[in-house]
Amino acid sequence: METEKGKTFRYLREKREVSQDAKDRLREFNRAKKEILGALKEKDMTVNELGKKLDRPGHEIMFYLMTLVKYGSVEAGDIDDMDEYFSYKLKK
Amino acid sequence: MSDEIRAASYDALVIGGGIAGGEAALDLANNGYKVLLVEKDLSIGGKMILLSKVFPTLDCAACITTPKVSEISRHPGITVFTGAEVTSIEKKGEREFETAVTKRPRYVVEEDCTACQLCEEVCPVVVHDEYQYRLVGRKAAFIPFSIASPRVAAIDIENCTLCGACEKACPPKCIDFTQETEKYIIKTGTVIVATGFKLFDPLKIPRYGYGVYKNVLTSMEMERQLAPTRPFNTILRPGDGKMPDRIAYVLCTGSRDDTIGNPVCSQICCMYSLKQAQLLMGALPMADVTIYYINIRSFGKGFEEFYEQAKGMGISFVKGKVGKITETETGNLILRYEDINENRVMEEEHDMVVLAVGVLPNTDPLSFFRNGELKADQFSFVDQAEVLSSPARTSVKGVFVAGTASGPMDIPDSILSAGAASSEAISYLKQ
Ligand SMILES: Cc1cc2nc3c(=O)[nH]c(=O)nc-3n(C[C@H](O)[C@H](O)[C@H](O)COP(=O)(O)OP(=O)(O)OC[C@H]3O[C@@H](n4cnc5c(N)ncnc54)[C@H](O)[C@@H]3O)c2cc1C
Ligand code: SF4
Ligand code: SF4
């Protein structure tokens, strides 16, 4: 079995099965990420605008969007005239 | 799991690395005793390390906790096991305890990790970040939070897809998927239980809509939103990203409530709500904050002045019991409450509701001793056998309790109680 430094994941792969839940979550995150980044490529948007365009509930958009902000692919832009909703944009 | 059982001995075992356990460990080590600190989580610091600021001084929580946890981690007299749990304790005789400890694999060699976060950058998996109370995501390869101690990555093996990207990216090659659970038998002369408290789960009061209405938060979620290492760019509604204008606090959520089985006052919720309300007024100067309360219990040093300060800032106080919360189409929340002073039922609309969730016992320590020697009080906190004359003593001679493991209390009282536990432990060791 592979126990060479830098390749030990192969060792655990032989011993342990990756759960279906983990695979599903990864697929779902990749899908949401692609959709959000695709939409923001067209124009800056608020959470509600993204939700409408992608047909996803606001809290789901918030979770994925804020995660994309955390990991540096999206950033907050301006806030609207009512000081209520920020728009979000791709980080250049 | 490896079959090998490692043996080690120390003067004292401290279980739980929150502020109480950390303080007790430091007291003992500063007096020349060798201490093993066993912490379940990936970092020491307990709940305090995740707070924004602290009542009643409004000092930054991280500024107090960070030097403390680093002193604990660097102290030559303290060995820290994170990701570790006590499975059993046996008292063999006076000053002779034998404890079985299990340490989960972190899949990272702690000493070699430089916290560069390159593993985190390349890891494709995103799950809810428990240290941000699920408001944002984290990777499966992750550093728990920026001021974690140890500041070392860990692999969340349940969510890892074993793609190997982190291992390839790690410069010192310290990710190691061959790590296994380690078992220890630890011999010590005394034990301090500092396993802290649990937060009330508001799902147990469905009429408040927590979990269904996304703009109903717990106080710990708000604590994270107010911290400098917050999950969002500012304070936002998790349901739609709106910056809230009208924020309500519902005090005594899960405290002083026989219907959910917790008749006791949590002692901290009034004060942390007053604190958060003041911080919110600072962060969102245009916001209206209303606190719905039964009684405000501001009994500690400087607490009444803190309450007066909150009133002076324009925070509204409504003596009212909230019966039900409903949601409007815009995600706003309607609170239906009994106005106790006016003696009538009223309704009020808010943008966001914070539930001041109460303190519940962590019952872990009750199963440490096989025959139930460690007794609980009537509310399932660790019983203080001689609460007036010797508050750190438990039902087992040589085992002491520190902090919220014995009941609700704030940080200053947790630290005081840790001092009592460590000095009682030292007296016991010297007998
Ligand atoms: C929202 C909120 C805001 C607050 N704000 C303030 C404030 O402003 N000022 C103030 O004075 N107080 C405040 N408090 C109270 C403060 O958090 C507590 O007083 C303090 O954290 C108690 O410390 P502790 O060490 O007793 O418990 P904890 O912080 O709960 O620490 C217990 C530790 O033990 C570990 N543990 C648990 N079980 C085991 C086990 N079986 N084995 C090993 N380890 C285990 C836990 O992982 C944890 O690290 C606040 C609390 C809340 C909920
Ligand atoms: S092996 Fe696991 S932790 Fe490492 S990058 Fe892949 S999914 Fe993430
Ligand atoms: S595990 Fe490796 S890549 Fe990850 S933070 Fe530590 S040193 Fe960096």
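All values derive from a computational prediction rather than experimental measurement.

Q: Can you help me understand helix α7 (residues 303–312) of chain B in this one?
A: Quick reminder: α-helices carry 3.6 residues per turn. Residues three or four places apart thus point the same way. All names here are of chain B. Every buried residue of α7 is accounted for by F303, F306, Y307 and A310. Looking down the long axis of α7, one finds its buried residues gathered within 100° of arc, a one-sided arrangement. Among the exposed residues of α7, those pointing more than 90 degrees away from its buried face are E305 and G312. Of the residues one or two after α7, G314 is the one with positive phi, at around 100°.

Q: Even after reading the chapter, I still don't get a negative patch on the surface, so can you show me in this structure?
A: Side chains of D81 and D83 of chain A together with D245 and D288 of chain B sit close together on the surface and give a patch of like negative charge. With respect to the helices and strands, D81 of chain A occurs in the loop between β1 (74–79) and β2 (86–90). A relative accessible area of 83% places D81 of chain A in the exposed class.

Q: Can you help me understand the site of ligand 1 in this one?
A: Residue and element names in this part refer to chain B. Near ligand 1, the surroundings consist of 37 residues, among which E39, K47, T404, M409 and I411 are the closest. One of the side-chain N or O atoms of N362 is found 3.0 Å from a nitrogen atom in ligand 1. One of the backbone nitrogen or oxygen atoms of I411 is found 2.8 Å away from an oxygen atom of ligand 1. Considering ligand 1 on its own, with 1000 Å² of exposed area, one finds that the protein chains cover 96% of that surface. Partitioning the shell around ligand 1 into residue classes produces 18 nonpolar, 11 polar and 8 charged.

Q: What should I look at first to understand the state of the cysteines in this one?
A: By definition, a disulfide links the sulfur atoms of two cysteines through a covalent bond. Residues and elements named next belong to chain B. Counted according to the given criterion, the structure contains 1 disulfide over all chains. The residue that forms a disulfide with C60 is C63, at a sulfur-sulfur distance of 2.4 Å. Handedness here is read from the sign of the S-S torsion; for C60 and C63, about 90°, the answer is right-handed. A relative accessible area of 53% places C63 in the exposed class. Free cysteine: C270, not disulfide-bonded; nearest cysteine sulfur from C252 at 5.7 Å.

Q: Before we go on, may I ask you to explain the pattern of salt bridges in this structure?
A: Under the criterion given, the structure shown has 30 salt bridges over all chains. Among the salt bridges present, the one from E94 of chain B reaches K91 of chain B, with a minimum N-O distance of 3.0 Å. With relative accessibility at 28%, the residue K91 of chain B sits in the partly exposed group. Taken together, the salt bridges that share partners define one network made up of E28, R31, E35, R56 and E60 of chain A.

Q: Please clarify how the site of ligand 2 should be interpreted in this entry.
A: Residues in contact with ligand 2 amount to 14 residues; listed here are only the nearest, C123, C160, C163, G164 and C166 of chain B. Across the shell around ligand 2, the residue classes break down as 12 nonpolar, 2 polar and no charged.

Q: What's the story with the interface of chain B and chain A in this structure? I'm lost.
A: With 44 residues of chain B at the interface, the matching set in chain A holds 34 residues. Between chain B and chain A the total buried area reaches about 3300 Å² when both faces are included, carbon and sulfur atoms providing 61% of it. Connecting chain B to chain A are 4 salt bridges. K242 of chain B is the partner of E84 of chain A in a salt bridge, and the nearest nitrogen-oxygen pair spans 3.7 Å. Taken together, the links from chain B to chain A amount to 17 residue pairs in polar contact (both at pLDDT 80 or more). At the level of secondary structure, the elements contributing two or more residues to the side of chain B that touches chain A comprise β9 (126–128), β10 (137–139) and α4 (165–169) of chain B. Of the residues assigned to the side of chain B that touches chain A, the class counts are 19 nonpolar, 10 polar and 15 charged.

Q: When you look at the pairing of strand β17 (residues 246–253) of chain B in this model, what are you seeing that I'm missing?
A: If a strand is regular, its side chains alternate between the two faces of the sheet. All names here are of chain B. With 7 of its 8 residues buried, β17 lies for the most part within the structure. Relative to strand β18 (residues 288–293), β17 runs parallel, the two being bridged by 5 bridges. Within β18, the residue paired with Y249 across the bridge is I291. Crossover connection from β17 via helix α6 (residues 269–283) to parallel β18: handedness right-handed. When β17 meets strand β22 (residues 352–357), the two strands line up parallel, connected through 5 bridges.

Q: Explain the sheet that holds strand β24 (residues 399–401) of chain B to me, please; I cannot follow it from the model alone.
A: Strands in a sheet are paired, the pairing made by backbone hydrogen bonds, and the direction either parallel or antiparallel. Residue and element names in this part refer to chain B. Here 5 strands make up an open sheet; going across it, the order is β6-β3-β2-β14-β24 and the pairing parallel. Since the sheet does not close on itself, it has two edges, and those belong to β6 (78–81) and β24, each with one partner. Averaged over all adjacent pairs, the angle separating strand axes in this sheet is 20°, with direction ignored. With 4 bridges joining them, strand β2 (residues 12–15) and strand β3 (residues 35–38) adopt parallel strand pairing. Paired with I15 across the bridge in β3 is V38.

Conventions we followed
Residues numbered from 1 in each chain as written. Chains lettered and ligands numbered in written order. Predicted model: local features only at pLDDT ≥ 70, side-chain atom pairs only at ≥ 80, totals over all residues. Heavy atoms only, no water. Buried < 20%, exposed > 50% of the residue type's maximum accessible area, 1.4 Å probe, protein only. Helix = DSSP H or I, 4+ residues; strand = E, 2+ residues; numbered from the N terminus. Arc of directions from axis to C-beta. Patch = residues over 30% accessible without salt bridge, like charges linked within 9 Å, V, L, I, M, F, W, Y side chains within 5 Å. Areas by Shrake-Rupley, 256 points an atom, 1.4 Å probe, with all protein chains shown as cover. Salt bridge = Lys/Arg side-chain N within 4 Å of Asp/Glu carboxyl O. Lys, Arg positive; Asp, Glu negative; His and termini not counted. Charge placed at Lys NZ, Arg CZ, Asp CG, Glu CD. Near = heavy atom within 4 Å. Polar contact = N/O pair within 3.5 Å; in protein donor to acceptor, adjacent residues only side chain to side chain. Nonpolar A, V, L, I, M, F, W, Y, C, P; charged D, E, K, R; others polar. Disulfide = S-S within 2.5 Å. Contact = heavy atoms within 4.5 Å. Buried area = accessible area lost by both parts, 1.4 Å probe. Pairing = 2+ DSSP bridges. Right-handed = clockwise from strand over helix to strand, strands pointing away. Axes fitted to C-alpha atoms, helices over the stretch in contact; angles between N-to-C directions.

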